[in-house]
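# Topology and contacts: notes
Residue strings, one per chain:
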Amino acid sequence: MSVQRVLITPDGWKKLRDELHRLKTVERQEVIRLIEYARSLGDLSENAEYETAKQKQSFIEGKIQEIEDRLSRAEIIDPEKITARDRVVFGLTVTVEDVDSGDIKKYKLVGEDESEPENGFISVTSPVGSALIGKRVDDEIQVRVPGGIKEFLIIDIE
C-alpha cells in the first residue's frame with residue numbers, strides 16, 4: 001500500500017504547523033487544567049465537567065494526530081517556482097468565465113487543507129479544481145454542480 005501524499009503550498013504548510021503548535025501548547029494545556037479542576041469537584045461518575053473535559057481532550061488529541069499525519073505525508077509545492085504556466089496545475093491561479101452568466105471568477109488551486117471557496121481558494125480535488133487541472137487558456141470545462149452542469153471558459157492562468 002502506497003502512502004497518499006498531501007499536496008500543499010508553503011502557506012498551507014505554515015498554517016498547519018501553526019495550528020499543530022497551538023493545539024499542543026495552548027489547547028492541550030487548557031484541557032489538562034479543566035480535567036484537574038473537574039477532578040477536584042469529587043465523584044467522577046456523575047461529574048459532567050469531567051466528562052466534557054475528557055471529550056474535549058479526546059477531540060484535541062485526535063486533531064493533533066490528524067495534522068501530524070497530514071504533515072508527514074505533505075508534498076510542498078511552491079507556486080512561485082512553477083515556470084510553465086501554459087497549463088493549469090496545483091498552486092496556480094485561474095481566471096474563468098461562467099459561459100451562461102458571463103461572471104468572471106478567480107480560483108487558486110490548493111490542497112484540501114487550504115480550501116476556502118468563499119475566498120477563491122479551491123481544492124484540486126473539488127469538482128471545479130479537478131476539471132481545471134491540465135487545461136489551457138481558451139479551454140472550456142464542464143462541471144456537475146447541484147443545479148446541473150456549469151460550463152466555464154478559462155481566460156487566464158497566472
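See above for the structure.
Anyway, here's the lowdown on the structure attached to this text. What you are looking at is a predicted structure, and each value in this text was computed from that prediction instead of being measured. (Residues numbered from 1 in each chain as written. Predicted model: local features only at pLDDT ≥ 70, side-chain atom pairs only at ≥ 80, totals over all residues. Heavy atoms only, no water.)

Using the criterion set out here, one finds 12 salt bridges in the structure. In this structure, Lys-56 and Glu-30 form a salt bridge, with 3.1 Å as the shortest nitrogen-oxygen distance. Taken together, the positions of Lys-56 in helix 2 (residues 48-72) and Glu-30 in helix 1 (residues 10-40) put the pair 26 residues apart, joining distant regions of the chain. Using a relative accessible area of 31% as the deciding quantity, one classes Lys-56 as partly exposed. (Salt bridge = Lys/Arg side-chain N within 4 Å of Asp/Glu carboxyl O. Helix = DSSP H or I, 4+ residues; strand = E, 2+ residues; numbered from the N terminus. Buried < 20%, exposed > 50% of the residue type's maximum accessible area, 1.4 Å probe, protein only.)

Right, let's talk about the pairing of strand 6 (residues 140-145) for a bit. As paired strands, strand 6 and strand 7 (residues 148-157) are joined by six bridges and run antiparallel to one another. In the sheet register, Arg-144 faces strand 7, and the bridge partner there is Ile-149. Hairpin connection between strand 6 and strand 7: a loop of two residues separates the two successive antiparallel strands. (Pairing = 2+ DSSP bridges.)

Reported here for the largest pocket is a volume of approximately 190 Å³. Gln-4, Arg-5, Val-6, Leu-7, Arg-70, Arg-73, Gly-111, Glu-112, Val-124 and Thr-125 are the residues that line the largest pocket. In terms of residue class, the lining of the largest pocket is made up of three nonpolar, three polar and four charged. (1 Å grid on protein atoms, 1.4 Å probe; cavity = no way out; pocket = protein on both sides within 12 Å on 5 of 7 lines; lining within 4 Å. Points joined across faces, edges and corners; volume = space filled by probe spheres on them. Nonpolar A, V, L, I, M, F, W, Y, C, P; charged D, E, K, R; others polar.)

The biggest cluster of nonpolar side chains holds 18 residues, and the ones touching the most others in it are Val-88, Val-94, Val-96, Leu-109, Leu-132, Ile-141 and Ile-154. In this structure Ile-141 touches Val-128, Ala-131, Leu-132, Lys-135, Lys-150, Glu-151, Phe-152 and Ile-154, once residues within four positions along its chain are discounted. Formed by nine residues, the second largest nonpolar core is a distinct cluster that contains Ile-8, Leu-20, Ile-60 and Ile-67. (Core = buried A, V, L, I, M, F, W, Y, C linked by side-chain atoms within 4.5 Å. Contact = heavy atoms within 4.5 Å.)

What follows covers helix 1. With 31 residues, helix 1 should cover 45 Å at 1.5 Å per step; its first-to-last C-alpha distance of 44 Å lies within 8% of that length. At Leu-23, helix 1 shows its strongest bend, of approximately 35 degrees. Looking only at helix 1, the buried set comprises Gly-12, Leu-16, Leu-20, Leu-23, Glu-27, Val-31, Ile-35 and Ala-38. Directly after helix 1, the chain includes Gly-42, whose backbone phi takes a positive value near 110 degrees. (Expected span 1.5 Å × (residues − 1). Bend = angle between axes of the 7 residues up to and from the residue.)

This paragraph deals with the side chain of Arg-73. Examined against the element boundaries, Arg-73 turns out to sit in the loop between helix 2 and strand 2 (74-76). Here the side chain of Arg-73 touches Gln-4 through a polar contact of 2.6 Å, landing on its backbone oxygen. Other than its neighbours up to four places away in sequence, Arg-73 contacts Val-3, Gln-4, Arg-5 and Val-6. (Polar contact = N/O pair within 3.5 Å; in protein donor to acceptor, adjacent residues only side chain to side chain.)

Here Ile-76 is to be found in strand 2. Other than its neighbours up to four places away in sequence, Ile-76 contacts Ile-8, Thr-9, Pro-10 and Trp-13.

In this fold, Leu-16 is placed in helix 1. In the structure, Leu-16 is positioned 98 residues away from Glu-114 in sequence and 9.0 Å away in space, judged by C-alpha atoms. Leu-16 has contacts with Ile-8, Ile-67, Leu-71 and Asp-113, leaving out every residue within four places of it along the chain.

Glancing now at the packing of helix 1 against helix 2. Following both chains from N to C, one finds helix 1 and helix 2 inclined at 160 degrees, their axes separated by 9 Å at the closest point. The orientation of helix 1 relative to helix 2 falls into the category roughly antiparallel. Regarding helix 1 and helix 2, the two cross each other, and that crossing is left-handed. Here the contact of helix 1 with helix 2 is composed, by residue class, of 14 nonpolar, one polar and 13 charged. (Axes fitted to C-alpha atoms, helices over the stretch in contact; angles between N-to-C directions. Parallel < 35°, antiparallel > 145°, perpendicular 65-115°, else oblique. Left-handed = near helix turned anticlockwise from the far one by under 90°.)

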